[in-house]
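# Fold and contact review
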Amino acid sequence: MADTELVLTFDRSLYRPEAISAAVEAYEGYAQAIEVSEGVEDTTVTLRGFDARYGSLIGDSFANHALFETIIRARQVVGGVAV
């Protein structure tokens, strides 16, 4: 488990940083460590120490959750309710 690592890059034009933070919170129990590095154009998330049986699916699932959180936040702002 300790040798598993996956690096994901999220373009800030699509994924909101606060949505990525929400995904990190949701996935805390699935990895020993989750590191986030915010850049001007993108946000990088590194998942370390997850169960190898998850394979690359953990990255796909994390990205889907981050997108879901982004959509929810965008709809709330458009609907006039800030998150």
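Preceding this section is the structure that the text describes.
### Some details on the pattern of salt bridges
Applying the stated criterion across every chain, the model contains six salt bridges. A salt bridge links arginine 48 to glutamate 35, with the shortest nitrogen-to-oxygen separation between them at 2.5 Å. With a gap of 13 residues between them, arginine 48 in strand 3 (residues 42-48) and glutamate 35 in strand 2 (residues 33-38) connect regions that are remote in the sequence. Take glutamate 35: its relative accessible area is 43%, and that puts it in the partly exposed class. Between aspartate 51 and arginine 53 there is a salt bridge, with the nearest N and O atoms lying 2.6 Å from each other. Since its relative accessible area comes to 18%, aspartate 51 is described here as buried. It is possible to trace a salt-bridge network through shared partners that takes in Glu5, Glu35 and Arg48.

### Focus on the nonpolar core
Ranked by size, the top nonpolar core spans 16 residues in total, and within it Phe10, Ile20, Ile34, Val45, Leu47 and Phe62 carry the most contacts. Residue assignment for this core shows that the elements contributing at least two residues are strand 1 (5-11), helix 1 (17-27), strand 3 and helix 2 (57-78). Every residue in contact with isoleucine 20, bar those within four places of it in the chain, is listed here: Phe10, Tyr15, Thr43, Val45, Phe62 and Ala66.

### Comments concerning the side chain of aspartate 51
With respect to the helices and strands, the residue aspartate 51 is situated in the loop between strand 3 and helix 2. In this structure the side chain of aspartate 51 is engaged in a polar contact, spanning 2.6 Å, whose partner is the side chain of arginine 53.

### Describing the side chain of threonine 46
Counting through the fold element by element, threonine 46 comes out in strand 3. Beyond its immediate chain neighbours, meaning those up to four positions away, threonine 46 contacts Glu5, Leu6, Val7, Ala33, Ile34 and Glu35.

### What about the sheet that holds strand 2?
Hydrogen bonding along the main chain pairs the strands of a sheet, whether they run parallel or antiparallel. Strand order in the open sheet formed by three strands is 1-3-2, and the pairing between neighbours is antiparallel. Both outer strands of the open sheet, strand 1 and strand 2, are each paired with one neighbouring strand and no more. Neighbour to neighbour, the strand axes of the sheet diverge by 15° on average, direction disregarded. With six bridges joining them, strand 2 and strand 3 adopt antiparallel strand pairing. What sits directly across from isoleucine 34, in strand 3, is leucine 47. This element, helix 1, spans strand 1, strand 2 and strand 3 of the sheet and lies at about 175° to strand 2.

What counts and how
Residues numbered from 1 in each chain as written. Predicted model: local features only at pLDDT ≥ 70, side-chain atom pairs only at ≥ 80, totals over all residues. Heavy atoms only, no water. Salt bridge = Lys/Arg side-chain N within 4 Å of Asp/Glu carboxyl O. Helix = DSSP H or I, 4+ residues; strand = E, 2+ residues; numbered from the N terminus. Buried < 20%, exposed > 50% of the residue type's maximum accessible area, 1.4 Å probe, protein only. Core = buried A, V, L, I, M, F, W, Y, C linked by side-chain atoms within 4.5 Å. Contact = heavy atoms within 4.5 Å. Polar contact = N/O pair within 3.5 Å; in protein donor to acceptor, adjacent residues only side chain to side chain. Pairing = 2+ DSSP bridges. Axes fitted to C-alpha atoms, helices over the stretch in contact; angles between N-to-C directions.

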